[in-house]
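So the chains spell out like this:
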Amino acid sequence: MKRKPLSLAVKFAITGALAGTLVACGGGGSGGGSASTGTASSGTSVGAVTGFGSVYVNGIHFNVNGTDYISDDGIEQAHQIEKGMIVKVEGDWDANGEGRADRITYEDTLRGRISAMTWDPATRTGTLTMLGQTVALDGSTVFRGATPVELGDSLATYRVRVSAWRQNDGSFLASFVGAKNGSDFADPNSNDTELEGVVTNLDALAETFFINDHKVNYTSAVGDDDFSLANLQEGMVVDVEGTLSTDGGTLNAAEIGIEDDWFNEDDGDAEISGTVSGYDTANRQFLLNGVSVQVAGNTRFEGLVESSLVDGVVVKVEGSYQNGVLLADEIKGRDSDAELDGRIDQVVDGDTFIVSGVTVNITNNTLIDDDDDRDDGRRSQARDIESLQLGDYLQIEGRQVSTGAASLEAVSIELEDSDENSYSELQAKLDDVGSGFISIMGLEIQLGNFSVSGAQVGDYVEVKYMKDAGQYVLTRNVSVDSNNDDNSDD
């Protein structure tokens with residue numbers, strides 16, 4: 001876990017504004033260009049990688065020429081970073097989404113073998129269990145090396161590295177799951193298992209403790225980064241690397257370190273995205289991936305209101321980190337509130353498509369993933385977009401845009417390798433019920449021989465439909481989606 005700079009950074013003077021022109025990006029493809037004018041930020045941005053050319057994190061296109069890469073898990077160069085990996089980017093960026101990364105830090109959250117897994121292809125949700133930890137999977141989880149179905153069918157075949165957000169209850173939400181055949185999966189330090197979490201049931205005499213349900217023995221361990229094992233305490237968040245016992249029930253630790261905070265007091269501007277946990281209405285505080293966030297009277301909200309800050313809602317927080325708390329200047333809604341499965345009818349321009357009658361907008365925050373991308377995971381965002389062709393069948397999660405037209409801002413897009421689907425499916429808010437038709441995101445769908453089945457305007461509904469003689473028509477009754485509550489307020 002000893003973090004070492006792996007390439008010498010080209011240092012730039014930071015004068016409080018992004019000045020000059022960004023050099024051509026080091027990953028090929030699109031990107032590079034010039035830093036756009038706008039309010040500049042200098043500090044730390046924490047989030048999942050959504051694209052390349054150079055690196056996209058939190059909607060910012062970070063140029064990576066001269067960037068330091070700091071990791072103990074084999075991420076030594078830019079081309080080793082994968083979509084979905086959660087990284088800490090230190091650098092500067094402007095209000096128009098252009099920036100420069102001075103340093104990128106990556107650490108695995110979990111590494112080892114999976115003991116159990118579930119996956120529902122219809123809902124694109126599931127869980128995996130490893131090292132006594134529960135890890136949630138969803139439509140934004142990026143899989144590399146094996147599909148979730150392949151993993152579930154052959155648990156003993158693979159080892160995985162997981163990049164995940166630690167939740168308030170001790171569980172995890174996976175952003176990236178990278179699988180390799182067990183014989184090919186090698187850690188550079190020969191510590192093939194890694195576990196992060198909160199120390200419980202500490203027995204200093206026996207030199208053992210637990211992280212959730214998994215036992216850790218540290219009799220042969222050393223402290224990492226000048227951490228003394230004599231200072232281990234209950235409730236401390238640690239990162240453990242080592243090897244499993246023969247029966248798999250104990251992690252024999254080789255190195256133990258304090259899990260680094262995402263931010264430091266001198267980081268300057270700070271931003272992080274993730275899921276809300278434990279909002280305290282009295283103190284106006286909540287946790288975001290282990291970071292305590294303070295809402296103030298001057299905090300700006302975009303895409304949601306303060307009452308929307310319930311457990312599980314995805315947000316991006318921008319502010320400053322002081323005394324162990326992220327003081328929120330702005331909180332932006334990033335939660336998906338609609339899903340669309342359908343075929344590309346029209347390419348409007350470089351980042352706008354018509355999919356089964358719905359206008360889909362691609363932004364810097366959009367994660368595009370497909371089967372071909374698994375073989376070329378570092379292609380640029382421009383090539384990601386170019387890979388989308390007329391007739392392709394897509395699964396899209398996104399946010400409804402209130403523009404008066406049928407519009408969806410894509411959060412994630414998965415290209416399905418399927419020619420079997422002749423219908424389209426949409427889960428979103430019902431806008432209107434007319435005489436013989438319904439309207440969703442401005443898209444008019446004829447009822448035909450089917451019914452609304454009691455659904456009312458404002459309900460989240462699931463509809464299946466197809467195009468017939470130039471009109472979109474239902475292929476089954478409308479059903480209310482009881483699992484989707486409207487937590488947003490635009």
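The model shown is predicted, which means the values in this text are computed figures rather than measured ones. Sequence order as written defines the numbering, with residues in each chain counted from 1. Reporting in this predicted model follows two pLDDT cut-offs: at least 70 for local features of residues, and 80 or more for side-chain atom pairs to be given and counted; totals over whole chains, interfaces and linings ignore these cut-offs and use all residues. Excluding hydrogens and water, the side-chain values take into account all heavy atoms of the structure.

Turning our eyes to something else, we now look at the overall build of the protein. A tally of helices and strands in the protein yields 2 helices and 38 strands. A simple rule labels every residue: compare its accessible area, found with a 1.4 Å probe on the protein chains alone, to the largest value its type can have, and call it buried under 20%, exposed over 50%, or partly exposed in between. A burial count over the protein gives 51% of its 490 residues as buried. Between two residues, a contact is recorded if the distance between any of their heavy atoms is within 4.5 Å. Considering only residue pairs separated by 6 or more positions, the protein has 64% of its internal contacts joining residues 24 or more positions apart. With the model as given, the accessible surface of the protein reaches about 20700 Å², and the carbon-plus-sulfur share is 44%. Strands are runs of DSSP state E lasting at least two residues, helices are runs of H or I lasting at least four, and both sets are numbered from the N terminus onward. Note on areas: Shrake-Rupley, 1.4 Å probe, and residue coverage restricted to the protein chains presented here.

Right, let's talk about the side chain of Lys-332 for a bit. Following the sequence through the fold, Lys-332 ends up in strand 26 (residues 325–333). Lys-332 gets classed as buried once you look at its relative accessible area, which sits at 15%.

Moving on to the packing of aromatic side chains. The rule is short: rings of Phe, Tyr and Trp, with Trp giving its six-membered ring, pair when the centres are within 6.5 Å, and they are stacked under 30 degrees, edge-to-face over 60, tilted in between. Under the definition given, this model contains 7 aromatic pairs. Taking 6.0 Å as the distance between ring centres and 75° as the angle between the ring planes, the aromatic pair formed by Phe-62 and Trp-93 counts as edge-to-face. Highlighted residues: Phe-62 in strand 4 (residues 60–63) and Trp-93 in strand 6 (residues 86–94), separated in sequence by 31 residues. With respect to burial, Phe-62 and Trp-93 carry one shared label: buried.

Another aspect to go through is the nonpolar core. The definition of a nonpolar core used throughout is a set of buried Ala, Val, Leu, Ile, Met, Phe, Trp, Tyr and Cys residues joined through side-chain atoms within 4.5 Å. Counting residues in each nonpolar core, the largest one holds 35 residues, and the members touching the most others are Leu-151, Phe-209, Leu-232 and Ile-256. Those elements giving two or more residues to this core turn out to be strand 10 (125–130), strand 11 (133–137), strand 13 (158–166), strand 14 (172–181), strand 15 (193–203), strand 16 (208–211), strand 19 (237–244) and strand 20 (250–258). If you look at the next biggest cluster of nonpolar residues, it comprises 34 residues, including Ala-338, Ile-440, Leu-447 and Tyr-472.

A word on the confidence of the model for the protein. Confidence scores here are pLDDT values: one per residue, from the predictor, ranging 0 to 100. Overall, the prediction assigns the protein a mean pLDDT of 83, with 84% of residues at 70 or greater. The low-confidence segment residues 1–38, where pLDDT is below 50, has 106 contacts with residues more than four positions distant or belonging to other chains. Under a pLDDT of 50 for its full length, residues 486–490 has, in the predicted model, 16 contacts with residues more than four places off or in other chains.

Attention now goes to the environment of Val-452. Of note, Val-452 is situated in the loop between strand 35 (443–446) and strand 36 (460–468). Judged by its relative accessible area of 12%, Val-452 falls in the buried class. Sequence spacing of Val-452 and Ser-479 is 27 residues, and the spatial spacing of their C-alpha atoms is 7.3 Å. Among residues more than four places away in sequence, those in contact with Val-452 are Val-433, Ile-438, Leu-447 and Val-478.

Turning to unusual backbone geometry, a few remarks are in order. Following Gly-53, the chain continues to Ser-54 via a peptide bond in cis, the omega torsion being 0°. Its identity as a non-glycine residue notwithstanding, Asn-58 has a phi of 55°, on the positive side. On the secondary structure map, Asn-58 appears in the loop between strand 3 (55–57) and strand 4.

Pairing between two strands is assigned when DSSP locates at least 2 bridges connecting them. Here strand 15 runs beside strand 19; their pairing, made up of 6 bridges, is antiparallel. Bridging from a neighbouring strand, Leu-195 pairs with Val-240 of strand 19. Sheet topology places strand 19 next to strand 20; 7 bridges connect them, and they run antiparallel. Each residue of the ladder has a partner; that of Leu-244, found in strand 20, is Leu-251. Following strand 19, the chain reverses through 5 residues before pairing antiparallel with strand 20; Gly-248 in that reversal takes a positive phi of roughly 80°.

Right, let's talk about the side chain of Ser-407 for a bit. Position of Ser-407 among the secondary structure elements: in strand 32 (residues 407–416). The term polar contact refers here to a pair of N or O atoms within 3.5 Å; inside protein, the definition further demands a hydrogen-donor-capable atom paired with an acceptor-capable atom, and it admits residues adjacent in sequence only when both atoms are side-chain atoms. Within the structure, Ser-407 has its side chain in polar contact with the side chain of Asn-361 (distance 3.0 Å). Ignoring anything within four residues of it in the chain, the contact list for Ser-407 reads Val-358, Thr-359, Asn-361, Arg-399, Gln-400, Val-401 and Met-441.

Any empty space left between the atoms is revealed when a probe the size of a water molecule rolls over them. Buried and open spaces are told apart on a 1 Å grid over the protein atoms alone, a cavity being a set of points where a 1.4 Å probe fits but cannot get out and a pocket being an open set with protein on both sides within 12 Å along at least five of seven lines. Residues with an atom within 4 Å of a point are the lining residues. Grid points are joined across faces, edges and corners, and a volume is the space filled by probe spheres set on the points. The computed volume of the second largest pocket comes to approximately 710 Å³. Looking at the second largest pocket, it is lined by 34 residues, and the ones nearest its centre are Lys-316, Glu-318, Glu-330, Lys-332 and Arg-334. Sorting the residues of the lining of the second largest pocket by element identifies strand 2 (40–52), strand 6, strand 21 (269–280), strand 24 (300–302), strand 25 (314–322), strand 26 and strand 31 (393–400) as the ones contributing at least two each. For the lining of the second largest pocket, the leading source of residues is strand 26, giving 4 residues. Three classes are used: nonpolar for Ala, Val, Leu, Ile, Met, Phe, Trp, Tyr, Cys and Pro, charged for Asp, Glu, Lys and Arg, and polar for all others, with Gly counted as polar. Residues of the lining of the second largest pocket, tallied by class, amount to 6 nonpolar, 14 polar and 14 charged.

Quick look at the environment of Ile-86 now. Of note, Ile-86 is situated in strand 6. Beyond its immediate sequence surroundings of up to four residues, Ile-86 is in contact with Val-46, Gly-47, Ala-48, Thr-105, Tyr-106, Ser-163, Ala-164, Trp-165, Ser-175 and Trp-262.

Looking now at the pairing of strand 21. By the criterion of burial, strand 21 is predominantly enclosed, with 9 of the 12 residues buried. Two elements, strand 2 and strand 21, share 4 bridges in a ladder whose sense is parallel. Looking at the pairing, Ser-45 lines up with Glu-271 of strand 21. Adjacent in sequence and paired antiparallel, strand 21 and strand 22 (residues 285–288) are bridged by 4 residues, among which Arg-284 carries a positive phi angle near 55°.

In what follows, salt bridge is the name for a side-chain nitrogen of Lys or Arg lying within 4 Å of a carboxyl oxygen of Asp or Glu. This structure, assessed with the given rule, holds 21 salt bridges. The residue Glu-306 makes a salt bridge to Arg-284 at a minimum N-O spacing of 2.8 Å. Remark: Arg-284 occurs in the loop between strand 21 and strand 22 and Glu-306 occurs in the loop between strand 24 and strand 25; sequence separation between them is 22 residues. Residue class for Arg-284 comes out partly exposed when judged on its relative accessible area of 26%. The residue Arg-476 makes a salt bridge to Glu-462 at a minimum N-O spacing of 3.8 Å.

So, on to the environment of Asp-351. By secondary structure assignment, the location of Asp-351 is in the loop between strand 27 (338–349) and strand 28 (352–355). The exposure class of Asp-351 is partly exposed, given its relative accessible area of 35%. Along the primary structure Asp-351 and Asn-364 are separated by 13 residues, whereas in three dimensions their C-alpha atoms are 9.9 Å apart. Ignoring any residue separated from it by four or fewer positions in sequence, one finds Asp-351 in contact with Val-360, Asn-361 and Ile-362.

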